[in-house]
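Descriptive analysis of the structure
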There are 2 protein chains.
Amino acid sequence: MKPLNKDEITEFLALHLNGWSFDGNFIKRDFEFKNFVEAFSFMTAVALEAEKKDHHPDWNNEYNKVQIKLRTHSADGVTGKDIDLAQNIDSLYKSSGKG
Amino acid sequence: MKPLNKDEITEFLALHLNGWSFDGNFIKRDFEFKNFVEAFSFMTAVALEAEKKDHHPDWNNEYNKVQIKLRTHSADGVTGKDIDLAQNIDSLYKSSGKG
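The rules behind the values
- Residues numbered from 1 in each chain as written.
- Chains lettered and ligands numbered in written order.
- Predicted model: local features only at pLDDT ≥ 70, side-chain atom pairs only at ≥ 80, totals over all residues.
- Heavy atoms only, no water.
- Helix = DSSP H or I, 4+ residues; strand = E, 2+ residues; numbered from the N terminus.
- Contact = heavy atoms within 4.5 Å.
- Pairing = 2+ DSSP bridges.
- Least-squares fit on C-alpha atoms with pLDDT ≥ 70 in both.
- Buried area = accessible area lost by both parts, 1.4 Å probe.
- Salt bridge = Lys/Arg side-chain N within 4 Å of Asp/Glu carboxyl O.
- Polar contact = N/O pair within 3.5 Å; in protein donor to acceptor, adjacent residues only side chain to side chain.
- Buried < 20%, exposed > 50% of the residue type's maximum accessible area, 1.4 Å probe, protein only.
- Phe/Tyr/Trp six-rings, centres within 6.5 Å; stacked < 30°, edge-to-face > 60°.
- Lys NZ or Arg CZ within 6 Å of the ring centre and 35° of its normal.

**A few points about the side chain of B:Glu49**
Examined against the element boundaries, B:Glu49 turns out to sit in helix H2 (residues 36-53). Each residue touching B:Glu49, except ones within four places of it in the same chain, is listed here: B:Leu85, B:Asn88 and B:Leu92.

Put into structure tokens, the structure is as follows:
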């Protein structure tokens, strides 16, 4: 899978992935919840989706905060697989009542 | 709860918490698993324990790798609560068949 170039990524984020940014390596977004239980419940939903797609995030959690970073390691860049997973993650965030 | 001093922390880690290190702010340990499912299953067990104790890790995950960092934010240091949770985490790692 071919990596997207910087212009393609930033244009797509601006149009379709509100809240995501590109740091040159990863597309990433910060999510915030009421507490740890809500944050980890969201992570569990994302984990199931990631495993189903066999495409996994680099992420961290601190109490009610979750940061998710996506890139396609095998392609050494951001690809359509990341865009696709980011859109799923946003849907899960919306259905958590937060997004 | 009073923070432990550096000597107390490093002595305790050397004696009782093999694999953990102190970086001046956090005690931390890296864990490795066969794949994402095993890594996230371990995280779920740790999440339940953390919520039960109302003491939560700062942690990150990348596919089969989990890094856990512990400190007591309210005490601005490492306390007995972190030592206690670290011991629970090691038990969970052992019972996952990895530790």
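**Brief notes about the sheet that holds strand S2 (residues 27-32) of chain A**
Whenever strands of a sheet pair, they do so through backbone hydrogen bonds, lying parallel or antiparallel. Taken in spatial order, the eight strands line up as S1(A)-S2(A)-S4(A)-S3(A)-S3(B)-S4(B)-S2(B)-S1(B) in an open sheet, and their pairing is antiparallel. Here the strands that pair on one side only, and so sit at the sheet edges, are strand S1 (21-22) of chain A together with strand S1 (21-22) of chain B. Here S1(A) pairs with S2(A) via two bridges, running antiparallel. Note that in S2(A) the partner of A:Phe22 across the bridge is A:Ile27.

**Focus on the relation of the copies chain A and chain B**
Superposing the two chain copies requires a rotation about an axis and a translation along that axis. For the pair chain A and chain B, the superposition axis carries a translation of 0.0 Å, the fit reaches an RMSD of 0.0 Å, and the rotation angle comes to 180°. Taken together, the rotation angle and the small translation identify this as a two-fold axis. Considering only C-alpha atoms, the residue of chain A closest to the rotation axis is A:Asn60, which sits at 2.0 Å. Mapped onto chain B, 100% of the interface residues of chain A again fall at the interface, so both copies present the same surface.

**Some words on the interface of chain A and chain B**
The interface is formed by 16 residues belonging to chain A together with 16 residues belonging to chain B. Of the roughly 1400 Å² buried at the junction of chain A and chain B (both faces included), carbon and sulfur atoms supply 67%. Interface area lost by chain A to chain B is led by A:Phe36, A:Phe40 and A:Trp59, which between them contribute 36%. Linking chain A with chain B are zero salt bridges. Scanning the region where chain A abuts chain B turns up two residue pairs in polar contact (both at pLDDT 80 or more). Breaking the side of chain A that touches chain B down by element, the ones donating at least two residues are helix H2 (36-53) and strand S3 (58-62) of chain A.

**With respect to the pattern of salt bridges**
Applying the stated criterion across every chain, the model contains 12 salt bridges over all chains. The shortest N-O distance in the salt bridge between A:Asp90 and A:Arg29 comes to 2.8 Å. Of this pair, A:Asp90 sits in helix H3 (residues 80-95) while A:Arg29 sits in strand S2, placing them 61 residues apart in sequence. Comparing A:Asp90 with A:Arg29, the two get one shared label, buried. Between B:Glu49 and B:Lys52 there is a salt bridge whose closest N-O contact spans 3.7 Å.

**As for the packing of aromatic side chains**
Under the criterion given, the structure shown has 17 aromatic pairs over all chains. With a centroid separation of 6.0 Å and an interplanar angle of 25°, the aromatic rings of A:Trp59 and B:Phe40 are classed as stacked. Residue A:Trp59 is found in strand S3, and its partner B:Phe40 is found in helix H2; the two belong to separate chains. With 5.4 Å between their ring centres and 90° between their planes, B:Phe33 and B:Tyr93 make a pair best called edge-to-face. Taken together, the residues B:Phe33 in the loop between strand S2 (27-32) and H2 and B:Tyr93 in helix H3 (residues 80-95) connect sequence positions 60 residues apart. A relative accessible area of 6% places B:Phe33 in the buried class. Given the relative accessible area of 9%, B:Tyr93 is considered buried. Taking NZ or CZ as reference, A:Lys69 lies 4.5 Å from the ring centre of A:Phe26, over its face. The ring of B:Phe26 is capped by B:Arg71, whose NZ or CZ atom sits 5.6 Å from the centre of that ring.

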